[in-house]
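Descriptive analysis of the structure
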Amino acid sequence: MTFDNLTIVDHPLVQHKLTLMREKDTSTAGFRQLLREISMLLAYEVTRDLPMTMKNIETPLMEMDSPVLKGKKLALISILRAGNGLLDGVLELIPSARVGFVGLYRDHKTLQPVQYYFKVPEGLNNRRVIAVDPMLATGNSSVAAIDLLKAAGATDIRFLCLLAAPEGVKRMAEAHPDVPVVTAALDEKLNELGYILPGLGDAGDRMFGTK
Ligand code: URA
């Protein structure tokens, strides 16, 4: 299965770390550490096409024009709560990024995502925005989060996740064809409860040790 909106990071270190994270006996501490490491590698890929400009600098030996990032600091948006696990590693690589949070829960009656928290950096319309959530499963909350970011002015958005299900990638492509998705793996499918198979279980529970 291929999707035009999807990039799978097939670097050996990413794939090795992901396998360790999938294993059910990996400890909470181990999972968290691996997530931090893999997030940095994924951040490297998701920022590959950041716009650059040249800056005149002086080395100890001479002047030169050297490349630097162009434009305003980028915005990292964590989709709560599991997004925070990815956020830490990405921030390590891009420490000057601005950070926002989107909180959504699923209404039991309507099954639709409902916003309970929304705080994002100013000037989203002038920033590259990277929304992070480890699991792109049904895509319902991810698509709703992107809806909110666009309503707040964002026009240049990437979605970064650890694992994606075909259902979620398809949903994102239909709702937001302008939002590229970067992931470490495209898994087989969702189960009847909306978990990714083979997956790694509940990412939030595994990183925070809540189960
Ligand atoms: N969220 C998770 O944490 N895990 C899944 O498999 C799907 C959604």
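Everything below is about the structure shown above.
Report on the accompanying structure. Predicted model only: the values in this text are computed from it and were never measured. (Residues numbered from 1 in each chain as written. Predicted model: local features only at pLDDT ≥ 70, side-chain atom pairs only at ≥ 80, totals over all residues. Heavy atoms only, no water.)

1. Description of a nonpolar patch on the surface
Taken together, the side chains of Y105, Y116 and Y117 make up a nonpolar region of the molecular surface, amounting to roughly 340 Å² of accessible area. We classify Y116 as partly exposed; its relative accessible area is 46%. (Patch = residues over 30% accessible without salt bridge, like charges linked within 9 Å, V, L, I, M, F, W, Y side chains within 5 Å. Areas by Shrake-Rupley, 256 points an atom, 1.4 Å probe, with all protein chains shown as cover. Salt bridge = Lys/Arg side-chain N within 4 Å of Asp/Glu carboxyl O. Buried < 20%, exposed > 50% of the residue type's maximum accessible area, 1.4 Å probe, protein only.)

2. Looking at the sheet that holds strand β9 (residues 156–160)
Spatial strand order, β1-β11-β9-β7-β4-β5-β6: seven strands in an open sheet with mixed pairing. With partners counted over all chains shown, the strands left at the sheet margins are β1 (6–8) and β6 (113–119), one partner each. Going from strand to strand, the sheet's axes swing by 20 degrees on average, the running direction of each strand aside. Seen against the sheet, helix α4 (residues 140–151) touches β4 (75–79), β5 (98–106), β6, β7 (128–132) and β9 and runs at an angle of roughly 130 degrees to β5. (Pairing = 2+ DSSP bridges. Helix = DSSP H or I, 4+ residues; strand = E, 2+ residues; numbered from the N terminus. Axes fitted to C-alpha atoms, helices over the stretch in contact; angles between N-to-C directions. Contact = heavy atoms within 4.5 Å.)

3. Details of the site of the ligand
Lining the immediate environment of the ligand, one finds M135, A137, G194, Y195, I196, G201, D202 and A203. G201 is positioned with one of its backbone polar atoms (N or O) 2.8 Å from a nitrogen atom of the ligand. In the environment of the ligand, an oxygen atom lies 2.7 Å from a nitrogen or oxygen atom belonging to the backbone of A203. For the ligand, the protein covers 83% of the area, taking 240 Å² as the surface of the free molecule. Considered class by class, the residues forming the shell around the ligand number five nonpolar, two polar and one charged. (Near = heavy atom within 4 Å. Polar contact = N/O pair within 3.5 Å; in protein donor to acceptor, adjacent residues only side chain to side chain. Nonpolar A, V, L, I, M, F, W, Y, C, P; charged D, E, K, R; others polar.)

4. Here's the deal with the packing of helix α2 (residues 28–46) against helix α3 (residues 83–93)
Closest axis-to-axis distance for the α2/α3 pair is 7 Å, and the angle between their directions is 60 degrees. Accordingly, the angle class assigned to the pair α2 and α3 is oblique. For the element pair α2 and α3, the recorded crossing hand is right-handed. Every residue of α3 that contacts α2 at L35, R36, S39, M40, L42, A43 and Y44 is listed here: G85, L86, D88, G89, V90, E92 and L93. The residue makeup of the contact of α2 with α3, split by class, is eight nonpolar, three polar and three charged. (Parallel < 35°, antiparallel > 145°, perpendicular 65-115°, else oblique. Left-handed = near helix turned anticlockwise from the far one by under 90°.)

5. Considering the nonpolar core
The biggest cluster of nonpolar side chains holds 36 residues, and the ones touching the most others in it are L18, L42, L160, L162 and L200. Of all the elements in the fold, those that place two or more residues in this core are α1 (12–22), α2, α3, β7 and α6 (203–208). With seven residues, the single largest contributor to this core is α2. Setting aside its immediate chain neighbours within four residues, L42 contacts V9, V14, L86, L160, C161, L162, T183 and A184. In terms of nonpolar packing, the next biggest core, distinct from the first, is built from 25 residues, I77, L104, A131 and V179 among them. (Core = buried A, V, L, I, M, F, W, Y, C linked by side-chain atoms within 4.5 Å.)

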